[in-house]
Every structure is written in structure tokens, then in C-alpha cells.
Amino acid sequence: MRGGELLAKLIRERAVQGRGVELSADLVLECVAKGVPIVHSDLNQGLDDFPAGAFDYVILSQTLQQVQRPDKILPEILRVGRTGVVGLINFGYWKVRHYLTFKGEMPKSKALPYEWFDTPNIHLSTLKDFRRLCDRLGIQIVRQINVAHKKRGQLLPNLLPNSFAELAIFVIRPF
């Protein structure tokens, strides 16, 4: 989702009172056009515009791999919100591994539609990498929801998420 679509949906369907943060001026304009409250800011600079405990939830939807220092932004989202929700593309997914191994190229898919040279993803991680980072930062993973193609079912993604979940959603809190 781009241009505030997730926040717009949450506002419309769940009566959420939220505010987005966006770096791209074009996407800020898209959000404003949709009536989505937005702050033009760079997550790489932190969330100093927001006081501690300002939100119940802070959501990073496929954003963490695009920031310069994921290890710095995770504590920041937990400073301004009581709970974090992080949607993460899994670069350990078997199709990504297969693509690299047998094609010798960076993978492209619905979740990864970019070429290696124009991708916004600068930190490629697996679900296991994310869990290790949370441990290192003293962040508790309250829940992990593994996402895979619906036609294949959820058995393998739930048994071996690092290999069979295309992406995952983590609910996190400070310890």
C-alpha cells in the first residue's frame, strides 16, 4: 500500500485517529488529497516531532527495511507508542532463496517488485534476523503473524516461518 492507503483504510473502517509520517513530497500530497493526516518528515531522523506515549500503536508497514538504521527506529516507535506493529518482508523466504540460487539475480515478486538498483529496500533481513534484533534491543515480540499465499495454506509458514512465510507482522512492546 502506498500514499496513506493503510491509514486511510484504518480511519474509514476502524475509526482510528491516526497520523502518518512520509518523506516523499509526492506521497504527502497523495495523503492530503485522500484526507489522511500526514506529517512530512524523515523517519531516519527519528520521531522527535512526537512526544513519548503519544499513540497507542505505531505501525511500520514494510518500512523497516527502507530506513537507514532499523536498530534506531524500533526504540523510537516504542517511545512514542505503547505498542508497535511491524510488517516485514522476509528475505529468507524459500522463493527468494531459490531465485538467488538458481537465477543468480536479485528476486522480483509481487512483494518485491523492484530491480536491485532502484529498490527502496536497503536492509534485507529474514524473520530470524528481526527476532535477533528485537532480543538485542530488549524488545518483546508479543505476537507474530506469518503471511503466505492463501492457496498454499498456513501450515508450513507457521511451522517454519523463516523459510515459508513471505512476510510477517510482528506486534512488539518494550520489556
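Above: the structure in question.
Residues numbered from 1 in each chain as written. Predicted model: local features only at pLDDT ≥ 70, side-chain atom pairs only at ≥ 80, totals over all residues. Heavy atoms only, no water.

A. Inspection of the layout of surface pockets at higher detail. Considered as a void within the structure, the second largest pocket measures approximately 220 Å³ in volume. Forming the walls of the second largest pocket are Leu-64, Gln-65, Pro-70, Leu-88, His-123, Leu-124, Ser-125, Asp-129, Phe-130, Arg-132, Leu-133 and Arg-136. It is helix H5 (residues 127-137) that provides the largest number of residues to the lining of the second largest pocket, a total of five residues. By residue class, the composition of the lining of the second largest pocket is six nonpolar, three polar and three charged. (1 Å grid on protein atoms, 1.4 Å probe; cavity = no way out; pocket = protein on both sides within 12 Å on 5 of 7 lines; lining within 4 Å. Points joined across faces, edges and corners; volume = space filled by probe spheres on them. Helix = DSSP H or I, 4+ residues; strand = E, 2+ residues; numbered from the N terminus. Nonpolar A, V, L, I, M, F, W, Y, C, P; charged D, E, K, R; others polar.)

B. Examining a nonpolar patch on the surface more closely. A cluster of nonpolar side chains, contributed by Leu-100, Met-106, Trp-116, Phe-117 and Leu-124, occupies part of the molecular surface with about 560 Å² of accessible area. For Trp-116, the location among the structural elements is in the loop between helix H4 (94-103) and H5. On the accessibility criterion, Trp-116 (63% relative accessible area) is exposed. (Patch = residues over 30% accessible without salt bridge, like charges linked within 9 Å, V, L, I, M, F, W, Y side chains within 5 Å. Areas by Shrake-Rupley, 256 points an atom, 1.4 Å probe, with all protein chains shown as cover. Salt bridge = Lys/Arg side-chain N within 4 Å of Asp/Glu carboxyl O. Buried < 20%, exposed > 50% of the residue type's maximum accessible area, 1.4 Å probe, protein only.)

C. Region of interest: the packing of aromatic side chains. Per the stated rule, a full pass over the model turns up four aromatic pairs. Aromatic pair Phe-50 and Phe-55: ring centres 5.4 Å apart, planes at 65 degrees, arrangement edge-to-face. Exposure class is identical for Phe-50 and Phe-55. Each is buried. Considering the side-chain rings of Trp-116 and Phe-117, the 5.7 Å spacing of their centres and the 90 degrees angle between planes classify their relative orientation as edge-to-face. Residue Trp-116 shares its accessibility class with Phe-117, and that shared class is exposed. (Phe/Tyr/Trp six-rings, centres within 6.5 Å; stacked < 30°, edge-to-face > 60°.)

D. Molecular detail of the sheet that holds strand E3 (residues 55-61). With mixed pairing, the four strands of this open sheet are ordered in space as E3-E4-E6-E5. Two strands close off the open sheet at either side, each with one partner strand: E3 and strand E5 (139-147). Across the sheet, the mean angle from the axis of one strand to that of its neighbour is 15 degrees, orientation sign disregarded. Judged from the six bridges that link them, E3 and strand E4 (residues 81-89) form a sheet pairing that is parallel. Across the sheet, residue Phe-55 finds its bridge partner in E4, namely Gly-81. Of the strands in this sheet, E4, E5 and strand E6 (167-174) are in contact with H5, which crosses E5 at around 165 degrees. (Pairing = 2+ DSSP bridges. Axes fitted to C-alpha atoms, helices over the stretch in contact; angles between N-to-C directions. Contact = heavy atoms within 4.5 Å.)

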